[in-house]
Amino acid sequence: MEVTFDHVSKKYGDVLAVEDLNLKIAEGSLHFLLGPSGCGKTTTLRLLAGLESTTSGRILFGGKDVTALPAAERGIGMVFQNYALWPHMTVAKNIDYGLGLKRLSGVQREQRLKEALELTQLTRLADRLPGQLSGGQQQRVALARALAIRPTVLLLDEPLSNLDAQLRLEMRDNISRIHRQTKITTVYVTHDQKEALSMGTEVSVLRAGRLIQSASPRQLYHHPATPFIAKFIGETNLVNATYRGDDDGHHLFECGFGHILTTRRKQVLSPGQAVTLSFRPETISVQVDGAARPSVNPLRVVLEHLTYLGESEQLALRTSDQQILRANIFNPPEHDLQEGTAVVCNVHPEHILVLPVEHDLSSGT
Amino acid sequence: MSQSTATAAPLKAKRSSPRQMGTAIGYAVLAATLVALVFFLVLPVSTILYKAFRAQGHFSLDYFRLLFANDLQTTAIYNSLLIGVAATLLCTVLSLPLAVINARYDFPGKKLLTGLLLTPMVMPPFVGAIGFQRFFARRGSVNLLLLKLGLIDSPIEWLEGGRVFWAVVVLEVLHLYPIVYLNLTAALANIDPSLEEMATTLGVPRWRQFKDIVWPLARSGYFAGAIIVFIWALTDLGTPLLVGFQETMPVRIFNMITDVNENPVGYALVCLVILITFAVYLLAKTSTRGKSYDMMSRGHVSSAVKKISAVSAAPFYLLLVVTIAAALLPHISVLITSLSSKWFMTVLPEQYTLDYYKQILHTDLPLIGIKNSLLFSGSSMLIDLLLGALIAYVVVRKLIPFAGLLDALTMVPLALPGIVLAFGYVTTYTNTILDPFTNPTALLIIAYAVRRLPYMVRSAAAGLAQTSIALEEAAATFGASRFYTLRTITVPLVSANLIAGCLLCFAYAMLDVSDSLILAMKDRYYPLTKAIYVLFLEQGSGEFVASALGVVGMALLTVCILGASLLLGKKMGELFRSG
């Protein structure tokens, strides 16, 4: 079922929780709503579920306006962040309770229950009470309960946030598998960018009630729309700079510690324009000063701090204007770099993104 | 842990370690509690049981046969059970919407109104009954008002025949509903709202959500309050006595006290009360066994409380204000009675006076009552403070292996009806050094202390639980002894809770009804409540002086309770929950 938000806003009193949201969620996709806490992602999900009503705008399920429909008539299945398992009902009863309200024959009902238990590998635990289950098992019960009613849209509200790291990895695979098997259009809310990148077919990043970018995980990582997304999805170095014109097929920027060249793209820039440059730590390469080979963007920095991790090395580099740049060197060569040494580092113009200046990066995180 | 203590012990064999000291204190407190409870709880109750089942030197059910053969007694038993059931049901019906409003909505003025809802609990129903009677008498305010409005042609006999039953029930409900309300509110607030939201997404109708999800989860909390109300209404002596409803178990028991040695049926009746109480607790325990569920909510829980405007809350305001007004009506009527000078055939008095308050100071009985009550309540408060604080300390700091057991033991008096305890004291200690017929002072103080001990323990435990043990350990690292630490660190930190506990113990002892009415037999030893009762029975201005004295008592209680709730804050409600 394709899901469409059409100019949807939600206000709580004077607070705008969701602001003019326009978004199409493709049929059969595993769509992520990603953002820091308080960004409006859970509210968006609850609007979809029908647990909150929109202040303005429309929500469409496969072209049908469901804005005024109560939750039960939308055909959604929901998994709450805290699972919301009824503690006084067994696993089977938890799953069966919702089925009891559908017009189903006894045989169908049993069949559905059996399927849901099998799909989530809970058959063995059917007679347990939720209190007797581990966190991961409880999570699966919540999933089974939502799936048993064969929803057209599955809504997951931070389903893994209460699990420990190891279990979270397992459950990611589990949910991906179930999504592949059922092909139910799924909307998944999380603040964990790794979850979104590893599982999502498409990711929408929200901030302070607004949708900032909606794209595939790769697109989002390599072509973030704003410095906020660049910093939120993975790690990055952000440098404020001014556009100075073109130079030999490159854009030329001036920043606090010198000049930086980037590859020319289809961007309209006017000389004197302020921008934010973004380059990932893994795009920086470092050479000991003196042995420097000529390069396009040689940056003279001082090695402030070095963390050796075996397969990689994390460097903190101080620029001449006291900014700190982060670099990740994978498969690091043997060397005896001392902290405090002057080094030259390189960033290929191809790897530097030119982003609009964004004020107040701290808010909403 | 125990190994390291064992190896460390020889190094400082001469001085006992703080741990050993703590264990010693623990066992000493346990022993003191056990002795107190054996002599003043177990012994009186077993004496009643023993005498109830023993005739002509051997086991017999004769007294029960006599009891059930007597129509007067069976009617009383039946009436009392019915009062208990009716009061519990009505309290539930009244409390449920109030609890839902409190647990699920927020609106301007909510704090004040829901706070006021609790006031009837702290007002003695016994005093309220005096004013209530005046309002509902044949020529009382209610009839006169109805006549004046032309709603009735002749006065209704509110307090005659079957109606007196309902008068008692209404007074009990107006006094006791806060207990159900508090327990239900806590139970509802504890239910994660997503449990209902999930059901909403599945299309479960509201009423089924309540039946299938909310009720099963709130049930044990509800029962905790309901059984207290049932037992309380069943065994309350003051209200039926003042309203003049003789055919109830407590009043029968009260009337049998003086000649209990000639008429042993009284033992059987009290024994029946004990059995009923025990059965009800047992029933509540088994029906909720294994039905208490941890709310498994972790991490983020969306708040269940919905903010609504004053306008949309209008029905709530109406319900709250009407309830509060109804609950305070008996007490307002006492106040009016105490101030009335000319009041005959009019809805409200024609003239007001302070004469009856002056009379309190110039008549013997009221002054004796006040003086005695101050002495008895003050002494019982000191006993509770010492024992209660120590018990709480031992329990919270787990100084002995069975600390939980000690905690459970001290809560027993909360479950035992006052009338049973008082009756037991009379039977057990007549013709001993504590004989209440000669001088009831000691027994009254002990009875007050035993029955209010749970309040003290809970208050002190609440404070101690919030005070990190690390603060005490820090003092110990500087070489402070356990007593020194207790005196300089622990007690100052929980002083607010201790004072609150003292205020509660004192206030409830001042307005104790069953022990006071039963144990004080000579007017020289009358405490406040017995003085009010005796004055009330007097002809002439007695009723008005009794009202004035009642108002003084209420004022005293209000000040104490307000003080205690200021000191205890939100913890106050926990004192009125069982289990």
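Residues numbered from 1 in each chain as written. Chains lettered and ligands numbered in written order. Predicted model: local features only at pLDDT ≥ 70, side-chain atom pairs only at ≥ 80, totals over all residues.

Colleague: Before we move on, could you go through the overall build of chain A and cite the residues and values that matter?
Modeller: A tally of helices and strands in chain A yields eight helices and 20 strands. Within the span of chain A, comprising 365 residues, buried residues form 39% of the whole. Here the analysis covers contacts within chain A between residues at least 6 apart in sequence; of these, 66% occur between residues at least 24 apart. (Helix = DSSP H or I, 4+ residues; strand = E, 2+ residues; numbered from the N terminus. Buried ≥ 20, exposed ≤ 12 C-beta atoms within 10 Å, placed from the backbone. Contact = placed C-beta atoms within 7 Å.)

Colleague: I'd like a rundown of the overall build of chain B, residues and numbers included.
Modeller: Secondary structure summary: chain B contains 26 helices and six strands in total. Taken over the C-alpha atoms alone, chain B extends approximately 90 × 70 × 50 Å along its principal axes. Partitioning the contacts of chain B with sequence separation of at least 6, the portion at a separation of at least 24 is 80%.

Colleague: Explain the nonpolar core residue by residue, including any values.
Modeller: Most often, soluble globular proteins have nonpolar side chains that are buried together. Among the nonpolar cores identified, the biggest contains 262 residues, and L155 of chain A together with V173, V229, A392, A447 and A507 of chain B are the most heavily contacted of them. Here the element with the most residues in this core is helix α9 (residues 163-189) of chain B; it accounts for 18 residues. With sequence-adjacent residues up to four places away left out, L155 of chain A is seen in contact with L45, L48, A49, I76, G77, M78 and V187 of chain A. (Core = buried A, V, L, I, M, F, W, Y, C linked by C-beta atoms within 7 Å.)

Colleague: Report on the sheet that holds strand β11 (residues 237-247) of chain A, specifying residues and quantitative values.
Modeller: Residues and elements named next belong to chain A. Pairing is antiparallel across the open sheet formed by five strands, whose spatial order is β13-β12-β11-β14-β20. At either margin of the open sheet sits one strand with a lone partner, and together these are β13 (258-263) and β20 (353-355). Across the sheet, the mean angle separating the axes of adjacent strands is 45° when strand polarity is ignored. Note: strand β14 (residues 274-279) against β20, three bridges, orientation antiparallel. Each residue of the ladder has a partner; that of T276, found in β20, is L355. (Pairing = 2+ DSSP bridges. Axes fitted to C-alpha atoms, helices over the stretch in contact; angles between N-to-C directions.)

Colleague: Describe the environment of A144 of chain A, and please don't skip the residues or the numbers.
Modeller: Residues and elements named next belong to chain A. Checked against the element boundaries, A144 lands in helix α4 (residues 135-148). We classify A144 as buried; it has 26 C-beta atoms within 10 Å. Along the sequence, A144 and L119 sit 25 residues apart, while their C-alpha atoms lie 7.5 Å from each other. In contact with A144, not counting residues within four places along its chain, are I95, A116, L117, L119, T120 and L122.

Colleague: Please provide a residue-by-residue account of the confidence of the model for chain A, values included.
Modeller: The predicted model of chain A has a mean per-residue pLDDT of 89, with 96% of residues at 70 or higher. Here residues 361-365 of chain A scores under 50 on pLDDT; set against residues more than four positions off or in separate chains, the count is ten contacts. (pLDDT = per-residue confidence, 0-100.)

Colleague: Explain the environment of L129 of chain A residue by residue, including any values.
Modeller: All names here are of chain A. As for its placement among the helices and strands, L129 is situated in the loop between α3 (106-119) and α4. For the pair formed by L129 and G13, sequence separation is 116 residues and the distance between their alpha carbons is 40 Å. Leaving out residues up to four positions away in the same chain, L129 has contacts with P87 and T90.

Colleague: Break down the packing of helix α4 (residues 71-104) of chain B against α9 of chain B for me, citing the residues and quoting the values.
Modeller: A pair of packed helices is characterised by two quantities: the angle between their axes and the separation of those axes. Residues and elements named next belong to chain B. Across the interface, α4 lies against α9 with an axial gap of 6 Å and an inter-helix angle of 40°. One finds that α4 runs oblique with respect to α9. Regarding α4 and α9, the two cross each other, and that crossing is right-handed. For the contact of α4 with α9, a count of residues per class yields 22 nonpolar, five polar and one charged. (Parallel < 35°, antiparallel > 145°, perpendicular 65-115°, else oblique. Left-handed = near helix turned anticlockwise from the far one by under 90°. Nonpolar A, V, L, I, M, F, W, Y, C, P; charged D, E, K, R; others polar.)

Colleague: Lay out the domain arrangement of chain A in plain terms, naming residues and giving numbers.
Modeller: Residue and element names in this part refer to chain A. Entries for chain A in the domain assignment read domain 1 (3-231) and domain 2 (233-355). The C-alpha centroid of domain 2 is placed 40 Å from the C-alpha centroid of domain 1. Tallying the contact residues gives nine residues for domain 1 and eight residues for domain 2. Of all the secondary structure elements, the ones that give two or more residues to the side of domain 1 that touches domain 2 are α7 (217-222) and α8 (227-232). In terms of residue count, α8 provides more of the side of domain 1 that touches domain 2 than any other element does, four residues in total. Classifying every residue of the side of domain 1 that touches domain 2 gives six nonpolar, two polar and one charged. (Domains from an automatic or database assignment.)

Colleague: For the pairing of strand β6 (residues 76-79) of chain A, give the residues involved together with the corresponding values.
Modeller: Residues and elements named next belong to chain A. Across the two faces of β6 the burial is the same, with I76 and M78 and G77 and V79 all buried. The pairing of β6 with strand β7 (residues 153-157) spans four bridges and is parallel. If you follow G77 over to β7, its bridge partner there is L154.

Colleague: Tell me what's going on with the pairing of β7 of chain A, and back it up with residues and numbers.
Modeller: Residue and element names in this part refer to chain A. Where burial is concerned, most of β7 is hidden: five out of the five residues are buried. Burial along β7 is two-sided: V153, L155 and D157 facing one way and L154 and L156 facing the other are all buried. Handedness of the crossover is the feature at issue here: the chain leaves β7, passes through helix α5 (residues 165-182), returns alongside strand β8 (residues 185-190), and the resulting connection is right-handed. (Right-handed = clockwise from strand over helix to strand, strands pointing away.)

Colleague: Tell me what's going on with the sheet that holds strand β5 (residues 64-65) of chain A, and back it up with residues and numbers.
Modeller: Residue and element names in this part refer to chain A. The four strands lie next to each other as β2-β1-β4-β5, forming an open sheet whose pairing is antiparallel. Every interior strand has two partners, whereas the edge strands, β2 (15-25) and β5, have only one. Bridge count for strand β1 (residues 3-12) against β2 is seven bridges, and the pairing is antiparallel. Counted as the bridge partner of Y12 is V15 from β2. Helix α1 (residues 41-49) contacts β1, β2 and β4 (56-61) of the sheet and is inclined by roughly 65° relative to β2.

Colleague: Go over the confidence of the model for chain B with me, naming the residues and quoting the values.
Modeller: Residue and element names in this part refer to chain B. For chain B, per-residue confidence averages 83 on the pLDDT scale, and residues scoring 70 or more make up 91% of the total. Within the model, the stretch residues 1-14 combines pLDDT values under 50 with two contacts to residues more than four positions away or in other chains. Across residues 296-301, where pLDDT falls below 50, the model places 16 contacts with residues more than four positions away in sequence or in other chains. Both confidence scores are given for the complex: pTM 0.79, ipTM 0.76.

Colleague: Before we move on, can you summarise unusual backbone geometry with the specific residues and values?
Modeller: All names here are of chain A. At A84, a residue that is not glycine, the phi angle is positive and equals roughly 50°. The exposure class of A84 is buried, given the 27 C-beta atoms found within 10 Å. Phi at A208 is positive, roughly 50°, even though this residue is not glycine. Take A208: it is sitting in the loop between β9 (202-207) and β10 (210-215). Looking at A208, the number of C-beta atoms within 10 Å reads 17, which means it is partly exposed.

Colleague: An account of α4 of chain A is requested, with residue identities and associated values reported.
Modeller: Residues and elements named next belong to chain A. Its 14 residues give α4 an end-to-end C-alpha distance of 20 Å, which sits within 8% of 20 Å, the value for a rise of 1.5 Å per residue. α4 sits mainly inside the fold: eleven of its 14 residues count as buried. Turning to α4, the residues buried within the fold contact β6, α2 (91-99), α3, β7 and α5. Within two residues after α4, R150 carries a phi angle of roughly 50°, on the positive side. (Expected span 1.5 Å × (residues − 1).)

Colleague: Account for the environment of S547 of chain B, with residues named and values stated.
Modeller: Residues and elements named next belong to chain B. By the secondary structure assignment, S547 is in helix α26 (residues 542-568). For S547, a count of 28 C-beta atoms within 10 Å corresponds to the buried category. Considered as a pair, S547 and S333 are 214 residues apart in the sequence and their alpha carbons are 9.2 Å apart. Non-local contacts of S547, meaning those with residues more than four positions away in its chain, are made with I130, G131, V334, T337, S338 and Y356.

Colleague: Any details on the domain arrangement of chain B? Residues and values, ideally.
Modeller: Residues and elements named next belong to chain B. Split by domain assignment, chain B resolves into domain 1 (18-51 + 356-579) and domain 2 (61-292 + 308-353). Relative to domain 2, the C-alpha centre of domain 1 lies at a distance of 24 Å. Considering each element in turn, the side of domain 1 that touches domain 2 owes the most residues, twelve residues, to α26. Classifying every residue of the side of domain 1 that touches domain 2 gives 24 nonpolar, ten polar and three charged.

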